[in-house]
Structure formats: structure tokens, C-alpha cells
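The residues making up each chain are set out below.
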Amino acid sequence: MKTDQKTSLPDFSVEGSIGLDSASLDHSQAGIGHLELNWDGQANLRLLSEESTPQWSATGDLYLLSESLQWTDSETQRSAGGNIELTQRISAQKKNQEALEASLDGNLHLASLDYRDVQVSLERGSLTWEGNITLEHNIRKPQPAIEAQGTLAIPDLALDLIEAGYGIAQQNFTADIKVKVPAEGSPAEHLGLAATLSLERLDISGLHQENKLLHVQHFTLADLDMAGINSIGAASIRFDNLGAVERKTEKALPTHAPDAVLSLGRIELTQPSLKGLQALYAKELQIEDLNAWVLRDKDGRIEVVQALTPSAREDGPETGGQVEPSADAETEAGSPFEFSLERFLLAGDNRIDFIDRSVTPEVHQTLSDLSLEATGIDSSKPGQDTRITAKSHVGEHGILNLDGTLTPFGDQFSSNLRLKLKNINLSAVDGYLRNAIGYRFKSGRLDGEINGQVENDLLDSNLDLVFAQLELEAVREEDQTEATGELVVPLGTALNLVRDSDGTIHLDIPIQGDFNDPAFRIGKVVRTAVFQTLKKLSLIHI
């Protein structure tokens, strides 16, 4: 015992170690297979006066090992278990009646984790934290101020979201973190987070359909910086080797069809910034090596939509359809969410295959060597033009080029786009053309230029089309009769009348329409315009 010469009140100091070498616990709700506990340090106590709370401090090393830890709550159907190993350098002190300070420096390791309840099942998991945590607590404020800096690692985790119908598995997640949580009552912007996150492998699967919905080989979130919920930014967000919606083996698909509906070599968002959960800004979104197979079945259902909808559980309640949004949904949502992207770029080796079995004959069309660039995408500026350029091969020999502007965020849609087509095989999209005009395309290739001008939802465009080796026949007799009535002569005769000496047909077709008209159908408008043009040209040649 030492004596404080100033106060003449004693100080107490204890130095040494205390340990528990081996222990266990066996209870109906909790159990520990093996427990070790060791403390090696110093504790001090200063007595001030009868009216004052004593001051104390403690410094030392704490080691805790708990193996085969189990806990069960039969009433809530919850259970948890795992192994815990804790090594910490601890320093804590209470300076006065209201303030407590503490610091922990070391590591925490959780292994063989499992957790289960009616909604969640953690099949396996492990976690390691290495770093420093400081805490300042004032008894007047229930929430203490906390700062932490270190590395969090989750080498392996498998989690089933039972009610949602999804399973999640990941490997080698690491995060270098610096976080600051202010005491209660502090301004929101005092909440701070800086981190860099990486993940080696992520798989999300459907529990009931037993198919993989998402696979990511590598994910990185670089230089995350958060100053309150009103300011969140990062240097970049990147996914490498991403596959979405694993396809079950289907004999009717070509042998070269990939295992996933969508695969990407890389997708990266640079300099994203989220402002107040109301606006997202980013410098660039770049996608490389896109390979997509879009399949529409005979009932018009898109394959990817069906796969992303979890099957109902056998013992689950019927939903009775979609829940209708409340009448106050718009009010509750507040201001519309704003989105701004300086540049979108689709680069690399890109291919999109589209198979539509809802039409007869089915359509299988391919876009390859596809590239796309869009600039000036900003929902906060509804009158601003977004510029788009794109090019692609269509089928085996066709070529497509698109260039122009549009205003996608205005109250009324406007565009000034020019689409150039070369050597497009019309028989490949025969299923769509039959529905549009009622005729089968036995053969034919198309060159053309389409000027797609829309002003305030009013379409005023022009189709400059050149057909080579075009041969058609009516699908039904009534279609042929109807066409003859509109053209005065049979369609085949009309086409022969307007053919050039080399057998090509050149049509210059104006297209007008109002997108706000409920009766507006683009297929019907194009058919009418084509027949009117053919009729006019046929009458000239008769």
C-alpha cells in the first residue's frame, strides 16, 4: 500500500496474474467444452473523499479461449455455437464520476461458427479481427464514442436466408477499416468510416430451385470514405469474372451456349458518391467482355426473371399476388432519387444472343463485337441530351451503327438518333415480321438508314430502306386479301413493280405517331406506312 502525500488517502495497487487453466460447462441451454482464461496486469484504485467516486485504472493482457461453445433457446428455436480465442492488451480508467475510457489492442478469432433460427441458418463461418478499439463513455450519454482501426477477415462463410429462399457463400473477405462512431447527441457528420474491402469469391444460390443466381470471382471496394450518411464516396467499385443466373442444361440450346445467362469479365464504377441517400454520382461505369443469352419461352416469360423469383416454400403461405403500393407511396418516398453518370462504356469482346420462342418460327439473333458509349447521363437535368454511339455485327454478316442524342429524363421523351443497317438477314427475324405484317420472309437482305426523331413524345422519322433478293408470301389467305385491298394489286405484284433492274427495292418511308396515343403500335404504324409507300410507287409504275 502506498500513501498519497497530498490527500493523505491511500492508493491501492495490485499487480500480478490470475488464470483458469481448464474448465467446462454443461447445461441444458449452454455448454463449453473447454475454457481457458488468463489475466496478467496491474490495477490501481484511488480513494478521494466520501462524496466522490473513486478513480481506478487497469492495464494488462487478457487471454481467453473457449472451445465447443453451444447455446440453445428452445422457445425461440435459436441455437449458436463455435470457438472463441481472444488476445488483447487492455487499458481502462475512470478519471471522474462521469467519464470512462478504455482501449483494446490485439486480435479476436471466431471459428467453427454456426447459428440457426426460423429465418437464418449459418452453416459455417470464421472471423478474425486484428487492431485497436478505443471507447469513451459518459454516463450522461447512453451511447459511447467508439473508434476502431484494424483488419477484419472472414475466410469462409455459408449462410442460408430461409424465408427469402437464398443461400450465400463467400471466401477470403478482408477489410482494412478505420471507423469513428460518435457519442449520442453528436452531429451525424461525425460518424466516419474509411475502408478498403476485397472478396475473392461470392456465390448466391436459390435454395428451392437449386441453381446459382450470382457468382463473383473477385470484388474490390477501394478507398471507401464516409462522413455521416449524407456523404459516402469511394475511389472505385469493381467486380471481376461475374456470372449471373446459372442455366440448367437444356438440349434445345446451342452447344456453345454458356452456363450462365449473363457473364462479365469486368464491371467497374469509378468515383461513386452518394449524397444524403437521395443522389448517386459517378464518373464512369465500364463493362468489359459481356456475354448474355436472353431466352423467352413459348408463354413470353423471360428466363432470367423466372430464375430470380424464388419458388414458394411448400409450407409457406400463399401470397395472393403482388402487394399494391400504398396511396401515399409517392409522398413517403419524398424527393425523386437523382442519378448522374459522366460516361458509360461497353468495351472488349461483347456478345448478346436473343432467343424468342413466343413467335413462330422462333427467332435467334446475335449481336457480336458490340460496343457502346453514352455520355451526359443526368436525371437532375431533364433537358440535357445524352449522347449515344454504338456498333455491332448482327448475325453472321450484318452490321449496325447507332449515333445520336436523346433526353431520357424529361417529362416528354425526345431523341435524334440515326441507325444505319447493312446486310441484315430478314429471314432470321421472320417470326417478328410475320406478326407485324402477316407475311413470311422467304429470303431478303436489308440495307438502310433510320432517322429516329422524337420531339415531346411525337414521332417524326424516316426509313430509307433498300431490300435485296426479297421474297415474301402471305401466312394466311386473309392477310393476302387484306394486303391486296390496301395496295390495289397483290403484294408480290407491287414488289415486282418497284424492283430496280438489279432486283433491289428502294423505299423511302415517312413514319409519324404519338407515343401518348393508347392505340399507338409501332408495328402497325410501320406496316401502314410501308403499304402506303408501296401503293404510291406501284401506281406510278402501272
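None of the values given here were measured: they were computed from a predicted structure.

**Examining the overall build of the protein chain**
Then, number 1: Along the backbone of the protein chain there are six helices and 25 strands.
Then, number 2: Across the 542 residues of the protein chain, 32% fall into the buried class.
Then, number 3: Restricting to contacts in the protein chain with at least 6 residues of sequence separation, those with at least 24 account for 56%.

**Comments concerning the layout of surface pockets**
Then, number 1: Reported here for the largest pocket is a volume of approximately 1200 Å³.
Then, number 2: Contributing to the lining of the largest pocket are 38 residues, with Leu421, Leu433, Leu446, Ile450 and Val526 lying nearest its centre.
Then, number 3: Listing elements by their share of the lining of the largest pocket, those giving two or more residues are strand 19 (363–378), strand 22 (414–425), helix 3 (430–437), strand 23 (439–455), strand 24 (458–474), helix 5 (491–498), strand 25 (505–514) and helix 6 (522–541).
Then, number 4: Across the lining of the largest pocket, the residue classes break down as 33 nonpolar, four polar and one charged.

**Observations regarding the confidence of the model for the protein chain**
Then, number 1: Looking at the protein chain, the pLDDT average stands at 84 and 86% of residues meet or exceed 70.
Then, number 2: Ranking the helices and strands of the protein chain by mean pLDDT puts strand 20 (residues 386–394) first, with 97, and strand 1 (residues 2–3) last, with 38.
Then, number 3: Confidence drops under pLDDT 50 across residues 311–323; counting only partners more than four residues distant or on other chains, this segment forms five contacts.
Then, number 4: Of the regions scoring below 50 in pLDDT, residues 325–333 engages in one contact with residues more than four places distant in sequence or in other chains.

**Describing the nonpolar core**
Then, number 1: Within the largest apolar cluster, 36 residues are counted, with the highest numbers of intra-cluster contacts made by Phe173, Ile287 and Phe344.
Then, number 2: Among residues more than four places away in sequence, those in contact with phenylalanine 173 are Leu152, Ala153, Ile154, Leu197, Ser198 and Leu199.
Then, number 3: Ranked by size, the runner-up nonpolar core spans 30 residues in total, among them Phe441, Leu472, Val498 and Ile505.

**Some points on the side chain of glutamine 88**
Then, number 1: Within the secondary structure layout, glutamine 88 lies in strand 5 (residues 78–94).
Then, number 2: Separated by 3.2 Å, the side chain of glutamine 88 and the backbone nitrogen of aspartate 105 make a polar contact.
Then, number 3: A polar atom in the side chain of glutamine 88 sits 3.3 Å from the backbone oxygen of asparagine 107.
Then, number 4: Beyond its immediate stretch of four places on either side in the chain, glutamine 88 contacts Gly60, Asp61, Leu62, Leu104, Asp105, Gly106, Asn107 and Leu108.

**Here we look at the pattern of salt bridges**
Then, number 1: A complete count under the given rule lists 22 salt bridges for this structure.
Then, number 2: With a closest N to O distance of 2.3 Å, arginine 266 and glutamate 268 form a salt bridge.
Then, number 3: Classification of glutamate 268 as buried rests on a relative accessible area of 16%.
Then, number 4: Between aspartate 353 and arginine 351 there is a salt bridge; the shortest N-O distance is 2.5 Å.
Then, number 5: A cluster of three or more residues bridged by salt bridges with shared partners is formed by Arg238, Asp240, Arg266, Glu268 and Glu288.

**Describing the pairing of strand 18 (residues 351–356)**
Then, number 1: The sheet contact formed by strand 16 (residues 279–296) and strand 18 spans six bridges and is parallel. When the sheet's bridge partners are listed, valine 294 is paired in strand 18 with phenylalanine 354.
Then, number 2: With six bridges joining them, strand 18 and strand 19 adopt antiparallel strand pairing. Opposite phenylalanine 354, over in strand 19, you have glutamine 365 as the bridge partner.
Then, number 3: From the end of strand 18 to the start of strand 19, which pair antiparallel, there are six residues.

**Focus: the environment of glycine 131**
Then, number 1: Mapped onto the secondary structure, glycine 131 falls in strand 7 (residues 120–138).
Then, number 2: Residues glycine 131 and leucine 108 lie 23 residues apart in sequence; the distance between their C-alpha atoms is 9.1 Å.
Then, number 3: Non-local contacts of glycine 131, meaning those with residues more than four positions away in its chain, are made with Leu104, Asp105, Gly106, Gln149 and Gly150.

**As for the side chain of histidine 34**
Then, number 1: As for its placement among the helices and strands, histidine 34 is situated in strand 3 (residues 30–46).
Then, number 2: One polar contact links histidine 34 to glutamate 36, side chain to side chain, over a distance of 2.8 Å.
Then, number 3: Those residues within four positions of histidine 34 in sequence are excluded, and the remaining contacts are Asp21, Ser22, Ala23, Leu65, Ser66 and Glu67.

**Observations regarding the environment of serine 79**
Then, number 1: Among the secondary structure elements, serine 79 is positioned in strand 5.
Then, number 2: Taking C-alpha positions, serine 79 is 9.6 Å from serine 121, a pair spaced 42 residues apart along the chain.
Then, number 3: The residues contacting serine 79, other than those within four sequence positions of it, are Trp71, Thr72, Asp114, Tyr115 and Arg116.

**Regarding a nonpolar patch on the surface**
Then, number 1: A contiguous nonpolar surface patch, about 250 Å² in accessible area, is contributed by Phe12, Leu45 and Trp56.
Then, number 2: Tracing the backbone through its elements, the reader meets leucine 45 in strand 3.

**Comments concerning helix 5**
Then, number 1: Taken residue by residue, helix 5 has Leu491, Ala494, Leu495 and Val498 as its buried positions. Around the axis of helix 5, the buried residues are gathered within 100° of arc, so they sit on the same side.

**A closer look at unusual backbone geometry**
Then, number 1: Here the residue pair threonine 360 and proline 361 is connected by a cis peptide bond, since its omega of -5° sits within 30 degrees of zero.
Then, number 2: By secondary structure assignment, the location of proline 361 is in the loop between strand 18 and strand 19.
Then, number 3: Although it is not a glycine, asparagine 172 sits at a positive phi angle of roughly 55°.
Then, number 4: Mapped onto the elements, asparagine 172 comes out in strand 9 (residues 166–181).

**Here's the deal with the pairing of strand 24**
Then, number 1: Two strands pair when backbone bridges link them, and strand 23 and strand 24 are joined in this way by 13 bridges, in the antiparallel orientation. If you follow glutamate 449 over to strand 24, its bridge partner there is aspartate 464.
Then, number 2: In this structure, the hairpin formed by strand 23 and strand 24 is closed by a connection of two residues, where asparagine 456 is found at a positive phi of approximately 55°.
Then, number 3: Two elements, strand 24 and strand 25, share ten bridges in a ladder whose sense is antiparallel. Looking across to strand 25, one finds that aspartate 460 is bridged to glutamine 512.

Thresholds, definitions, all that
Residues numbered from 1 in each chain as written. Predicted model: local features only at pLDDT ≥ 70, side-chain atom pairs only at ≥ 80, totals over all residues. Heavy atoms only, no water. Helix = DSSP H or I, 4+ residues; strand = E, 2+ residues; numbered from the N terminus. Buried < 20%, exposed > 50% of the residue type's maximum accessible area, 1.4 Å probe, protein only. Contact = heavy atoms within 4.5 Å. 1 Å grid on protein atoms, 1.4 Å probe; cavity = no way out; pocket = protein on both sides within 12 Å on 5 of 7 lines; lining within 4 Å. Points joined across faces, edges and corners; volume = space filled by probe spheres on them. Nonpolar A, V, L, I, M, F, W, Y, C, P; charged D, E, K, R; others polar. pLDDT = per-residue confidence, 0-100. Core = buried A, V, L, I, M, F, W, Y, C linked by side-chain atoms within 4.5 Å. Polar contact = N/O pair within 3.5 Å; in protein donor to acceptor, adjacent residues only side chain to side chain. Salt bridge = Lys/Arg side-chain N within 4 Å of Asp/Glu carboxyl O. Pairing = 2+ DSSP bridges. Patch = residues over 30% accessible without salt bridge, like charges linked within 9 Å, V, L, I, M, F, W, Y side chains within 5 Å. Areas by Shrake-Rupley, 256 points an atom, 1.4 Å probe, with all protein chains shown as cover. Arc of directions from axis to C-beta.

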